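Read off the chains here:
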Amino acid sequence: FAFGDNFANKNAIMFNLHSEFVRAEAIDLLLDAFDNGRRNATSVTRILQLVQNLNGVRPACLMLYPIAPAKNFDTIVGFVSIIQNWDAVIGRAIPTNAKGMDFVLSDSYTSFTYTITTDSTVTLKGKGDLH
């Protein structure tokens, strides 16, 4: 293995994004949008667990962008996939003086509650609306 056994993303290398329902749903929505003429479409998964985040629950999402050949914008040849861990997003979005605040992240299927401590650290409290 080129990166060694401690490489954080080793479980994501060659992972079939279409093999799991939430990821496949986002890919299919992007393909449908592309087929309907929306060439600059982006698709975002609902809340999921990344395959590389194996040490406990860490809600995240994938953002998918289509890749098309330079001279054939009617064909998708791949995707750019960007991961987003929600605790990191929340941590960058809150002011540095925020403290003692709970934040509930939810989509149509699930929700998670985070707490922001006195040093502006974002910590997952757990699954559900716990505030």
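To start, this report covers the structure provided alongside it. Since we're looking at a predicted model, the values are computed, not measured. (Residues numbered from 1 in each chain as written. Predicted model: local features only at pLDDT ≥ 70, side-chain atom pairs only at ≥ 80, totals over all residues. Heavy atoms only, no water.)

1. Things to note about the packing of aromatic side chains
So, step 1. Under the criterion given, the structure shown has zero aromatic pairs.
So, step 2. Over the ring of Tyr109 we find Arg46, and its NZ or CZ is 3.6 Å from the ring centre. (Phe/Tyr/Trp six-rings, centres within 6.5 Å; stacked < 30°, edge-to-face > 60°. Lys NZ or Arg CZ within 6 Å of the ring centre and 35° of its normal.)

2. Overview of the pairing of strand β7 (residues 122-127)
Sheet faces and side chains relate simply in a regular strand, where the side chains alternate between the two faces.
So, step 1. Of the pairings in the sheet, the one linking strand β6 (residues 111-116) to β7 comprises five bridges and is antiparallel in character. Note on β7: the bridge partner recorded for Ile116 is Val122. (Pairing = 2+ DSSP bridges. Helix = DSSP H or I, 4+ residues; strand = E, 2+ residues; numbered from the N terminus.)

3. Some details on the pairing of strand β5 (residues 101-106)
So, step 1. Bridge analysis of β5 against β6 gives six bridges, and the strand direction is antiparallel. Bridge pairing links Met101 to Ile116 in β6.
So, step 2. Between β5 and β6, which pair antiparallel and follow one another directly, the connecting turn spans four residues.

4. Re a nonpolar patch on the surface
So, step 1. A cluster of nonpolar side chains, Ile67, Val77, Val80 and Ile82, forms an exposed patch at the surface whose accessible area comes to about 300 Å².
So, step 2. Tracing the backbone shows Ile82 in strand β4 (residues 78-85). (Patch = residues over 30% accessible without salt bridge, like charges linked within 9 Å, V, L, I, M, F, W, Y side chains within 5 Å. Areas by Shrake-Rupley, 256 points an atom, 1.4 Å probe, with all protein chains shown as cover. Salt bridge = Lys/Arg side-chain N within 4 Å of Asp/Glu carboxyl O.)

5. Thoughts on helix α1 (residues 21-35)
So, step 1. Between its first and last C-alpha, α1 extends 21 Å over 15 residues, near the 21 Å set by a 1.5 Å rise per residue.
So, step 2. What α1 keeps buried is the set Val22, Arg23, Ala24, Ala26, Ile27, Leu30, Ala33 and Phe34.
So, step 3. At its buried positions, α1 is contacted by β1 (43-44), β2 (48-49), β3 (59-67) and β4.
So, step 4. Residue Glu20 occupies the N-cap position of α1, its side-chain oxygen lying 3.3 Å from the main-chain nitrogen of Val22.
So, step 5. Looking one or two residues past α1, Gly37 carries a phi angle of roughly 90°, positive in sign. (Expected span 1.5 Å × (residues − 1). Buried < 20%, exposed > 50% of the residue type's maximum accessible area, 1.4 Å probe, protein only. Contact = heavy atoms within 4.5 Å. Polar contact = N/O pair within 3.5 Å; in protein donor to acceptor, adjacent residues only side chain to side chain.)

6. Observations concerning the layout of surface pockets
So, step 1. Empty space within the largest pocket amounts to approximately 190 Å³.
So, step 2. Around the largest pocket, the lining residues are Ala12, Met14, Phe15, Leu17, Arg23, Leu50, Val51, Gln52, Leu62, Ser81 and Ile83.
So, step 3. In terms of residue class, the lining of the largest pocket is made up of eight nonpolar, two polar and one charged. (1 Å grid on protein atoms, 1.4 Å probe; cavity = no way out; pocket = protein on both sides within 12 Å on 5 of 7 lines; lining within 4 Å. Points joined across faces, edges and corners; volume = space filled by probe spheres on them. Nonpolar A, V, L, I, M, F, W, Y, C, P; charged D, E, K, R; others polar.)

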